[in-house]
Amino acid sequence: MNGSVYLIGAGPGDPELITLKAVRILQTADVVLIDDLVNPQLLGHTRADARIIPVGKRGGCRSTPQAFIQRQMIQEARNGNIVARLKGGDPFMFGRGGEEIVALREAGIAVEVVSGITAGIAAPATLGVPVTHRDWAPGVTFITGHSREGNEVNWAALAATRTTLVIYMGVKNLPDIVGKLLAGGLAEDTPALAVQSGTLAQQREVKATVATLHAAMTAAGIGSPAIVVIGAVADLAQIAAHTESVAKAA
Ligand code: SAH
């Protein structure tokens, strides 16, 4: 009999920001495929005899091709195993969970999705920044800074929406993105924020304006993995207070 696959959100980093449902499934899984943005402490929830398979794409390791990950999940499920696919944040937010569910369905494997807390909401929230606030943003746009060729983002059009822009994977292309937003009419003094390793003890952040954010990040040594927030709500970031509270907790 076939087993099944759970596409599970591990949350943004803080090991307490995972759901009870995710923990319950981790406690039963035979095989756990774990991404590299997942906090390794979460493996404490797995069975002592569970097989743990790291499929990370960074950290100096050779990346595991997506097709290989998918084949492996399908094979493990066909062998009758309960497979937990543990992904950073929410499995359907820029995490290739979409590709995985399609492949699993095509293979006739039972699959269930367990939502997680996404970094784009949780990282700004650590600083007291709500990605929506009815006085300053009619909504929020979650967007990748690293779009696929042929599927490029119309940054000028996004600038006109007045929504908060929450950019994932945006560090490398930030100067280019900012140039396009400004060309699209976004005011240079629009508040902006970058949060690296949000919700983790090593979290770092910087607040600036959209025009000065990249230089401020470089000066502060803030890089990937980071969430970039552009919009009036970024001005609500309480960086000093947060740093103090982390310092007290340490
Ligand atoms: N599925 C994940 C996102 C995967 S894409 C989620 O829902 O959060 C990977 C990108 O997410 C990183 O490049 C970075 O932009 C962002 N990211 C993930 N975890 C993060 C964290 N703890 N702090 C800041 N950014 C993070």
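Higher on the page you've got the structure.
Residues numbered from 1 in each chain as written. Predicted model: local features only at pLDDT ≥ 70, side-chain atom pairs only at ≥ 80, totals over all residues. Heavy atoms only, no water.

## Description of the sheet that holds strand β10 (residues 226–230)
No. 1: If you walk across this open sheet you meet the five strands as β6-β7-β10-β8-β9, and the pairing is mixed. Each end of this open sheet is capped by a strand with a single partner; those strands are β6 (140–144) and β9 (204–209). When the angles between neighbouring strand axes are averaged without regard to direction, this sheet yields 15°.
No. 2: Bridge count between strand β8 (residues 191–196) and β9: six bridges; the pairing is antiparallel. Within β9, the residue paired with L193 across the bridge is K207. (Pairing = 2+ DSSP bridges. Helix = DSSP H or I, 4+ residues; strand = E, 2+ residues; numbered from the N terminus. Axes fitted to C-alpha atoms, helices over the stretch in contact; angles between N-to-C directions.)

## Focus on helix α6 (residues 174–183)
No. 1: Every buried residue of α6 is accounted for by L174, I177, V178 and L181. Buried residues of α6, seen end-on, are gathered within an arc of 95° and therefore sit on one face of the element.
No. 2: In the core, the buried residues of α6 are packed alongside α5 (155–159), β7 (164–168), α7 (213–220) and β10.
No. 3: Following α6 by one or two positions, G185 has its phi on the positive side, about 105°. (Buried < 20%, exposed > 50% of the residue type's maximum accessible area, 1.4 Å probe, protein only. Arc of directions from axis to C-beta. Contact = heavy atoms within 4.5 Å.)

## Some words on the packing of helix α2 (residues 66–78) against helix α3 (residues 97–106)
No. 1: Between α2 and α3, the least distance of the axes is 10 Å, while the angle of their chain directions is 45°. Looking at the two axes, α2 sits oblique to α3. Of the two possible hands of crossing, α2 and α3 adopt the one that is right-handed. Within the contact between the two elements, α2 uses Q66, I69, Q70, M73 and I74 and α3 uses E99, E100, A103 and L104.
No. 2: Partitioning the contact of α2 with α3 into residue classes produces five nonpolar, two polar and two charged. (Parallel < 35°, antiparallel > 145°, perpendicular 65-115°, else oblique. Left-handed = near helix turned anticlockwise from the far one by under 90°. Nonpolar A, V, L, I, M, F, W, Y, C, P; charged D, E, K, R; others polar.)

## Considering the sheet that holds strand β4 (residues 82–87)
No. 1: Pairing within the open sheet is parallel, and its five strands lie in the order β3-β2-β4-β1-β5. Taken across any chain shown, the strands that pair with only one partner, and hence form the sheet edges, are β3 (51–54) and β5 (110–114). Mean inter-strand twist for the sheet, computed between neighbouring axes without regard to direction, equals 20°.
No. 2: Of the pairings in the sheet, the one linking strand β1 (residues 4–9) to β5 comprises five bridges and is parallel in character.

## Looking at unusual backbone geometry
No. 1: Across the junction of S224 and P225, the peptide omega takes the value 0°, indicating a cis bond.
No. 2: Within the secondary structure layout, P225 lies in the loop between α7 and β10.
No. 3: Of note in the backbone geometry, F94 takes a positive phi value of approximately 50° without being a glycine.
No. 4: Among the structural elements, F94 can be located in the loop between β4 and α3.

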